[in-house]
Amino acid sequence: MCGIVGYIGTEQAAPILLDGLDKLEYRGYDSAGMAVYDGEKLQYAKARGRLKILRELTHDGAKLPGVCGIGHTRWATHGVPSDKNAHPHFNEAESIAVVHNGIIENYLKLKKMLAGKGYKFASETDTEVIAHLLDYYYKGDPMEAITKMMHRVEGSYALGILFRDHPGELYAVRKDSPLIAGRSAHGCLIASDVPAILKYTRDVYFIQNEEIVRMTDQELAFFTIDQDPIEKQATTIEWDVSAAEKAGYEHFMLKEIYEQPRAVLDTLNPRIREDRIEIEELGMTDEEIRAVKRLYIVACGSAYHTGVTAKYVFEGLARIPVEVDLASEFRYRNPILDEGTMVIVVSQSGETADTLAALRMAKEAGVRVLGIVNVVGSSIAREADNVMYTWAGPEIAVATTKAYSTQLIAEYLLAMRFAKARGTVTEEELAGMLLDLRRLPQQIELLLDHKEKLQRFANRYVAAKDVFFIGRGLDYAISLEGSLKLKEISYIHSEAYAAGELKHGTISLIEDGTLVAAVLTQEDLYKKTISNMVEVKTRGAFLLAVTNEGNTAVEKAADYVIYIPQTNKYFTNSLAVIPLQLFGYYVALGKGCDVDKPRNLAKSVTVE
Ligand code: AGP
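Residues numbered from 1 in each chain as written. Predicted model: local features only at pLDDT ≥ 70, side-chain atom pairs only at ≥ 80, totals over all residues. Heavy atoms only, no water.

**Focus: the overall build of the protein**
When helices and strands are tallied, the protein shows 18 helices and 27 strands. The principal-axis extents of the C-alpha atoms in the protein amount to approximately 75 × 55 × 45 Å. A total of 608 residues make up the protein; the buried ones form 62% of that total. Here the analysis covers contacts within the protein between residues at least 6 apart in sequence; of these, 71% occur between residues at least 24 apart. Accessible surface for the protein amounts to roughly 22500 Å². Of this, 49% is attributable to carbon and sulfur atoms. Charged side chains of the protein number 69 positive and 84 negative; the gap between the two group centres comes to 4 Å. (Helix = DSSP H or I, 4+ residues; strand = E, 2+ residues; numbered from the N terminus. Buried < 20%, exposed > 50% of the residue type's maximum accessible area, 1.4 Å probe, protein only. Contact = heavy atoms within 4.5 Å. Areas by Shrake-Rupley, 256 points an atom, 1.4 Å probe, with all protein chains shown as cover. Lys, Arg positive; Asp, Glu negative; His and termini not counted. Charge placed at Lys NZ, Arg CZ, Asp CG, Glu CD.)

**Section: the site of the ligand**
The environment of the ligand is made up of 14 residues, and the closest members are Ser-347, Gln-348, Ser-349, Thr-352 and Glu-488. A distance of 3.1 Å separates an oxygen atom of the ligand from a polar backbone atom of Ser-302. Measuring from an oxygen atom of the ligand, one finds a side-chain N or O atom of Glu-488 at 2.5 Å. In isolation the ligand offers 410 Å² of accessible surface; the protein chains occlude 90% of this area. Among the detected pockets, the ligand sits in the second largest pocket. Contributing elements (two or more residues each) for the shell around the ligand: α9 (301–317) and α16 (474–490). (Near = heavy atom within 4 Å. Polar contact = N/O pair within 3.5 Å; in protein donor to acceptor, adjacent residues only side chain to side chain. 1 Å grid on protein atoms, 1.4 Å probe; cavity = no way out; pocket = protein on both sides within 12 Å on 5 of 7 lines; lining within 4 Å. Sits in = over half its atoms within 2 Å of the grid points.)

**A closer look at the layout of surface pockets**
By volume, the largest pocket is sized at about 770 Å³. Around the largest pocket sit 42 residues that line it, and Trp-239, Asn-374, Val-375, Gly-393 and Pro-394 are the ones nearest its centre. Every element with two or more residues in the lining of the largest pocket is listed here: β15 (235–236) and α7 (260–268). Considering every element that reaches the lining of the largest pocket, the biggest residue donor is α7, with three residues. The space that makes up the second largest pocket amounts to roughly 540 Å³. What lines the second largest pocket is a set of 29 residues, and nearest its centre among them are Cys-300, Gly-301, Ser-302, Lys-603 and Val-605. Breaking the lining of the second largest pocket down by element, the ones donating at least two residues are α9, β20 (341–347), α11 (353–364), α13 (402–422) and α16. Looking at the lining of the second largest pocket residue by residue, the class counts come to twelve nonpolar, eleven polar and six charged. (Points joined across faces, edges and corners; volume = space filled by probe spheres on them. Nonpolar A, V, L, I, M, F, W, Y, C, P; charged D, E, K, R; others polar.)

**Side note on the pairing of strand β13 (residues 220–224)**
By the bridge criterion, five bridges tie strand β12 (residues 211–215) to β13 in an arrangement that is antiparallel. Directly across from Val-213, in β13, lies its bridge partner Phe-222. If you look at the hairpin formed by β12 and β13, you'll find four residues sitting between the two strands. Pairing between β13 and strand β14 (residues 229–230): two bridges, direction antiparallel. Note that in β14 the partner of Phe-223 across the bridge is Pro-229. The antiparallel hairpin formed by β13 and β14 contains four residues in its connecting segment, where Gln-227 sits at a positive phi of about 70°. (Pairing = 2+ DSSP bridges.)

So, to be careful, I would describe these as geometric facts and stop short of saying anything about function.
Here is the structure:
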């Protein structure tokens, strides 16, 4: 995904655009660019690489004077990261400038049509097709050109558009890629996400699919694809801009690791009344819950890993069959979505293309869809039948931590609510579990105090070639997350394996000194996992064990042990994940990797 910003008002646009792009760089950072109307033409600057290069190129925007402009930070999809593929893109006369987040699926067909009419292309991107298509349809009326373009283009887009001949106006359009608008005392703004404009206004308009925004320095106007005016209500953003700042931490990721106790508390509190679980946003009666015969949990990446955890918790507590699917697989495997099926989609950003597509497929099949989402007003939040927000606050680091932890909390609460409705747990058991849930924030705090120990251990593995994470049951689920955390920010190859499965082939990769991290939080499986640890140890592995306080038996097989506080067996992933997050963070730090913006990644993958 990419980040787009736009500003029109009384202030110089370029510094405002750069500031906004800075807050959106987590969405993609292969290249960046801006176009500003300087009173006569559309001046622009764009360059491969991080935003700081654009800052240097434009002397922090001073070289692009003007009060109306658009900006872009890119995660490359069509066309390699390069100066010429950087946005904004233009028509040949450079009288139309476009920045784009999304994918134009029929761009080759359109490019062929336009080339046949004599259009020349300067880049390899899909976005440039939009600039020429707007030129093709433009006869003096921007709205007419925009709506005609919208009827031709297939795919996803959030667009910022400037027309040189309409210097007092800035246009934006949305289909499937997030877009917001806002008005401040000094003008109007558009952006891909709230942090980019929160400094200027808290009142934000979430643009819906196929809506058009026309902005002047004073006015925001909204239209349908048929150019009918529409009234929109602003949403007041409660969290403050510092929530999207590092606040003294070296990286957003470390800050967000440390925000987990608070995020867990904020996600728990609205749903626990005295000793009862209340999930009003679920919108289901006990009878409707009992009518659910099968659950699908569908997500990508770390959100998927929480689904693997949730499968054990739902099946263990509520005795309901659960299938966990990668969204990119679910949408193409023709799943059985029949009477009594319910789908839960999990997503931090609420914009992941595969997860959104899975949601739409489930809704088309007529089954109930619940979204577990962190970003308020996101596409998944709006399109699900019901949404259960994770109150983690804005998560900026590409590698998720606090959102992951709050997704687990939401899934525990749901499983307990289902178990209560289905009568598969007693009131006493539920009360005991609520106590354990309430203890988690403080127990996470305790584990965060081990960070120096983890840092010392992690520094021994900055040169590691392969790392394996093993566990059984819920310990396998958390191994998946521990492995992804390490590899996505340190670039060290790592795999998570069901501990009992390693000997069926992959154990051949174990060499002298290979690090194997074994997770043992399920008491009834301790012995089995210890025997798997011995299997790899006899083949030269170095064993790190993450286990419950009191399980000293593991010390006969492990070379290094991290103990986590006792909690309900279903909640152990919430604690075991803390040392695994810190391990991944400190290995990446020790390697000098860009922890918050790992190579090739983006915070939310809004393309297939
Ligand atoms: C997690 O650290 C990764 N950044 C990635 O796997 C992420 O969890 C996945 O892309 C899903 O994103 P979402 O939760 O915003 O849908």
